[in-house]
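Coordinates in review
Residues per chain are reported as follows:
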Amino acid sequence: LENLSGDASQEYFADGMTDELITMLAKNSRFQIISRTSVMRYQNVRKPLPDIARELGVEGILEGSAGRFGTRVHINVQLIYAPTDTHVWAESYDRDASDVISLQNELAQTIARQVGLTASASAPPSKRINPEAHDAYLMGRYHWFADNFDRSLEYFQKAVNLQPDYAAAWSGIA
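Criteria and cut-off values
Residues numbered from 1 in each chain as written. Predicted model: local features only at pLDDT ≥ 70, side-chain atom pairs only at ≥ 80, totals over all residues. Heavy atoms only, no water. Phe/Tyr/Trp six-rings, centres within 6.5 Å; stacked < 30°, edge-to-face > 60°. Helix = DSSP H or I, 4+ residues; strand = E, 2+ residues; numbered from the N terminus. Buried < 20%, exposed > 50% of the residue type's maximum accessible area, 1.4 Å probe, protein only. Contact = heavy atoms within 4.5 Å. Axes fitted to C-alpha atoms, helices over the stretch in contact; angles between N-to-C directions. Parallel < 35°, antiparallel > 145°, perpendicular 65-115°, else oblique. Nonpolar A, V, L, I, M, F, W, Y, C, P; charged D, E, K, R; others polar. Salt bridge = Lys/Arg side-chain N within 4 Å of Asp/Glu carboxyl O. Pairing = 2+ DSSP bridges. pLDDT = per-residue confidence, 0-100. Core = buried A, V, L, I, M, F, W, Y, C linked by side-chain atoms within 4.5 Å.

1. Digging into the packing of aromatic side chains
Going through the model one piece at a time under the given rule, you end up with three aromatic pairs. Centroid distance Y137 to F156: 5.8 Å. Interplanar angle 45°. Geometry classified as tilted. With Y137 in helix 5 (residues 131-145) and F156 in helix 6 (residues 149-162), this residue pair connects regions lying 19 residues apart in the sequence. Of the two residues examined, Y137 and F156, each falls in the buried class.

See the structure below:
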């Protein structure tokens, strides 16, 4: 997912949403999901999708954009059949930032249905995740993948400080 906001400081949000969506889709063993490491090298590359698909050895590509604007989140996603560069499905979502985790789960379920599968749904969070804590968690993951582990730890700790029972943030610290 590309950063829709146009604000480079929000790049972590689009990258975090991409990473979490890859993780949710990969939980289904019938999907063949390409790793984050392999697909992120195509971020901001202007190349025909059939060429990218051929290089990755896939038939379908999920592309789109994500942006956070104040307390709102907007996501556009498109599933492309790469050999013919044609749309299979496309949708836009506008939600409150506090609903971002359930939105990720809904996206994974919808994408799976579009390709005739059922996705392994993550259980809905039993507790509401503080949007600020989740945002700090995404920033922590962004810095983790950039090999900036000290900065990553700061954001995971911030997430825990904002919500002491946020398991994903504790996992990041670990």
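Moving on, there is more to tell.
2. Description of the side chain of Q104
Within the element layout of this structure, Q104 appears in helix 4 (residues 100-114). Among all residues touching Q104, those that are not within four sequence positions of it are M17, E20, L21, M24 and H134.

3. Topic: the packing of helix 1 (residues 11-26) against helix 5
Closest axis-to-axis distance for the helix 1/helix 5 pair is 8 Å, and the angle between their directions is 85°. Judged by the angle between their axes, helix 1 and helix 5 are roughly perpendicular. From helix 1, E11, Y12, F13, D15, G16, D19 and E20 reach across to helix 5, where they touch H134, D135, Y137, L138, M139, R141, Y142 and F145. Counted by class, the contact of helix 1 with helix 5 contains seven nonpolar, two polar and six charged residues.

4. Things to note about the pattern of salt bridges
On inspection of all chains with the given rule, the structure shows eight salt bridges. Close ionic contact of R46 with E2 constitutes a salt bridge, the shortest N to O distance being 3.7 Å. You can see R46 sitting in the loop between helix 2 (36-40) and helix 3 (49-56) and its partner E2 sitting in strand 1 (residues 2-3), a full 44 residues away along the chain. A salt bridge links R151 to E154; its shortest N-O distance comes to 2.8 Å. Taken together, the positions of R151 and E154, both in helix 6 and three residues apart, correspond to about one turn of that helix. R151 sits in the partly exposed class, given a relative accessible area of 32%. Counted as one network, the salt bridges with shared partners bring together D19, R36 and R141.

5. Quick notes on the sheet that holds strand 1
Pairing is mixed across the open sheet formed by four strands, whose spatial order is 1-2-3-4. Taken across any chain shown, the strands that pair with only one partner, and hence form the sheet edges, are strand 1 and strand 4 (86-96). Where strand 3 (residues 72-81) and strand 4 come together, 10 bridges link them in antiparallel fashion. Each bridged residue has a counterpart across the sheet, and for I75 the counterpart in strand 4 is Y93.

6. Side note on the confidence of the model for the protein chain
Chain-level pLDDT for the protein chain is 86 on average; 94% of the residues reach the 70-or-more range. Across the protein chain, helix 6 holds the top mean pLDDT of 94, while helix 4 sits lowest at 84. Under a pLDDT of 50 for its full length, residues 119-125 has, in the predicted model, 14 contacts with residues more than four places off or in other chains.

7. Notes on the nonpolar core
Looking at soluble globular proteins, one finds that nonpolar side chains tend to be buried together. By size, the foremost hydrophobic cluster in this structure holds 35 residues, and its most contacted members are F13, I75 and L107. Listing elements by their share of this core, those giving two or more residues are helix 1, strand 3, strand 4, helix 4, helix 5 and helix 6. Excluding residues within four positions of it along the chain, F13 makes contact with A66, G67, R68, V73, V100, D135 and L138. Core analysis: the next-biggest nonpolar cluster, separate from the first, contains nine residues, L49, I52, A53 and A82 among them.

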